[in-house]
Amino acid sequence: MNQYFATVARGLETLAAQELEQLGAHSVEPGFCGVAFEGDRTLLYRVNLWARLPFRILVKLHEFPCEDAKDLYRGIQTIDWLNYLTPDMTLAVNTTGKNDRLNHTHFTALQVKNAIIDQQQSNLGERSNVELQAPDVRINVHIDRDCCTVKLDSSGNSLHRRGYRPAVGSAPLKESLAAALIQLSGWQPDQMFYDPLCGSGTLPLEASLKALNIAPGLFRVRASAALAGRFGFETWLDFDLSLLEKLLQEARDSQLDTLTAPIWGSDRDENVIEQAINNAQKCGVDNHVWFSQMELADVVAPADSGVLFCNPPYGERLGRDSDLGAFYKLLGDVLKQRFKGWTAFVLSGNKELSQSIGLKSSQRIAVYNGTLPCQLMKYELY
């Protein structure tokens, strides 16, 4: 059993813990902005391939007492880096946290790098180069008071970058947050899903991946050239290609061919609808998800019941100068008058604006969109 840590967006730790347990993780413990768990190499590969909520899956190498730069250097050198890194492989060091004497992450990273390459020079007479964009090995160092934890990053690029979405609107929702919102809502694939403010399509697309049981990591395989490598662990010395290929084949075999209920998205902007259609094609779900250009004022319920989801502009980035109060009031009117029998979920980062909807929410769930505190508001529409 190895010790792993999944980094997740603030507030989603418990939800991510549930997802990891469903994927077979052991000793799952939610923490701050992450979840600790245990498992074997198969689990590590499976979580990278299947998990919809985490950003990165880190593998714990070592933990040691660390008060200053000397402790850090010595502690890093107690690890036999030959097991993880040869001089022809590149590395990058990412550091988080601090204490009284190690309070600058750039200095901490430099000290870690020096300890590693000094060990290489001493043992082998040559050293690894630093490569910040696409290193062979990403090392993650966390300082917390007088303790240092060293981990390897198995994911490479953040897992929220599925690889299907090169085209995004001007205020994109991270794929991992979209997946989390859908999970929080309790939406089931046998219910119709509709986003009338869909932008480049992230919510409908994440809903379709869930409904069709498509592993989000599969897009990395298709877009590996653009992503400069699929997963971080693929360049490791102990990489097991046959295991990954087996898991990829299992993932492909478990996909469903048809949706049990329609998934729709619409938006007033013709250009972002084009982006949404392109993204759906990259997902391989363009035959399943329906996108159309439509003004919010023209939106009507396409079925007697279903789940409506939307992420309207908050005034933070989009439409800062336009009359968003009137827009939110229109949204409320459309929900009230045309979506009887539906359940609606609205993500808002602006409390004042959300009051303009003019409906009483039956539930409010606190979430973060990046660093912005938001609320996912649930409306039962009778």
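Residues numbered from 1 in each chain as written. Predicted model: local features only at pLDDT ≥ 70, side-chain atom pairs only at ≥ 80, totals over all residues. Heavy atoms only, no water.

## So, the overall build of the chain
Okay, so step 1: When helices and strands are tallied, the chain shows 11 helices and 14 strands.
Okay, so step 2: Here the chain has a C-alpha radius of gyration of 23 Å; the compact-globule value for 382 residues is 21 Å, and the two agree.
Okay, so step 3: With the C-alpha coordinates of the chain rotated into their principal frame, the extents come out at 75 × 45 × 35 Å.
Okay, so step 4: Looking at the chain as a whole, 51% of its 382 residues are labelled buried.
Okay, so step 5: Considering only contacts in the chain between residues 6 or more positions apart, those separated by 24 or more positions represent 77%.
Okay, so step 6: Roughly 17600 Å² of accessible area belongs to the chain as shown, and the carbon and sulfur atoms make up 46% of that amount.
Okay, so step 7: With 37 positive and 45 negative side-chain charges, the chain shows a separation of 4 Å between the mean positions of the two kinds. (Helix = DSSP H or I, 4+ residues; strand = E, 2+ residues; numbered from the N terminus. Rg over C-alpha atoms; globule rule 2.2 N^0.38 Å. Buried < 20%, exposed > 50% of the residue type's maximum accessible area, 1.4 Å probe, protein only. Contact = heavy atoms within 4.5 Å. Areas by Shrake-Rupley, 256 points an atom, 1.4 Å probe, with all protein chains shown as cover. Lys, Arg positive; Asp, Glu negative; His and termini not counted. Charge placed at Lys NZ, Arg CZ, Asp CG, Glu CD.)

## Structural notes on the packing of aromatic side chains
Okay, so step 1: Per the stated rule, a full pass over the model turns up 14 aromatic pairs.
Okay, so step 2: Ring-pair connections join several aromatic residues into one group, and the members of that group are Tyr194, Trp264, Trp290, Phe339 and Trp342.
Okay, so step 3: Positioned above the aromatic ring of phenylalanine 5, the side-chain terminus of lysine 151 is 5.1 Å from the ring centre. (Phe/Tyr/Trp six-rings, centres within 6.5 Å; stacked < 30°, edge-to-face > 60°. Lys NZ or Arg CZ within 6 Å of the ring centre and 35° of its normal.)

## Here's the deal with the pattern of salt bridges
Okay, so step 1: Under the defined criterion, the tally for this structure stands at 13 salt bridges.
Okay, so step 2: A salt bridge links aspartate 153 to arginine 56; its shortest N-O distance comes to 2.7 Å. Here the residue aspartate 153 occupies a position in strand β7 (residues 147-153), and arginine 56 occupies one in strand β4 (residues 56-65), the gap between them amounting to 97 residues.
Okay, so step 3: One network of salt bridges, with partners in common, ties together Lys329, Asp333 and Lys336. (Salt bridge = Lys/Arg side-chain N within 4 Å of Asp/Glu carboxyl O.)

## What about the environment of valine 47?
Okay, so step 1: Note on placement: valine 47 falls in helix α2 (residues 41-50).
Okay, so step 2: The class for valine 47 is buried, based on a relative accessible area of 0%.
Okay, so step 3: Sequence-wise, valine 47 and leucine 20 are 27 residues apart; in three dimensions their C-alpha atoms are separated by 7.3 Å.
Okay, so step 4: With sequence-adjacent residues up to four places away left out, valine 47 is seen in contact with Leu20, Leu23, Phe37 and Ile57.

## Here's the deal with the sheet that holds strand β14 (residues 372-380)
Okay, so step 1: Strands sit in the order β10-β9-β8-β11-β12-β14-β13 across an open sheet of seven strands; the sheet is mixed. In the strand order of this sheet, the two ends are held by β10 (289-293) and β13 (363-369), each with one partner. Neighbour-to-neighbour, the strand axes of this sheet turn through a mean angle of 20 degrees, independent of strand direction.
Okay, so step 2: Judged from the four bridges that link them, strand β11 (residues 307-310) and strand β12 (residues 343-348) form a sheet pairing that is parallel. The residue bridging leucine 308 from the neighbouring strand is alanine 344, located in β12.
Okay, so step 3: The strands touched by helix α5 (residues 175-185) are β8 (193-195), β11, β12, β13 and β14; relative to β13, the strand with the most contacts, the crossing angle is about 165 degrees.
Okay, so step 4: In the packing of helix α9 (residues 270-283) onto the sheet, contacts are made with β9 (263-267) and β10, and the angle to β10 comes to roughly 165 degrees. (Pairing = 2+ DSSP bridges. Axes fitted to C-alpha atoms, helices over the stretch in contact; angles between N-to-C directions.)

## Points about the environment of lysine 60
Okay, so step 1: Its place among the elements puts lysine 60 in strand β4.
Okay, so step 2: C-alpha of lysine 60 to C-alpha of valine 8: the two residues are 52 residues apart in sequence and 16 Å apart in space.
Okay, so step 3: Not counting residues within four places of it along the chain, the set of residues in contact with lysine 60 comprises Gln3, Thr149, Val150 and Lys151.
Okay, so step 4: Side-chain polar atoms of lysine 60 contact the side chain of glutamate 63, separated by 3.2 Å. (Polar contact = N/O pair within 3.5 Å; in protein donor to acceptor, adjacent residues only side chain to side chain.)

None of this, on its own, says anything about what the molecule does.
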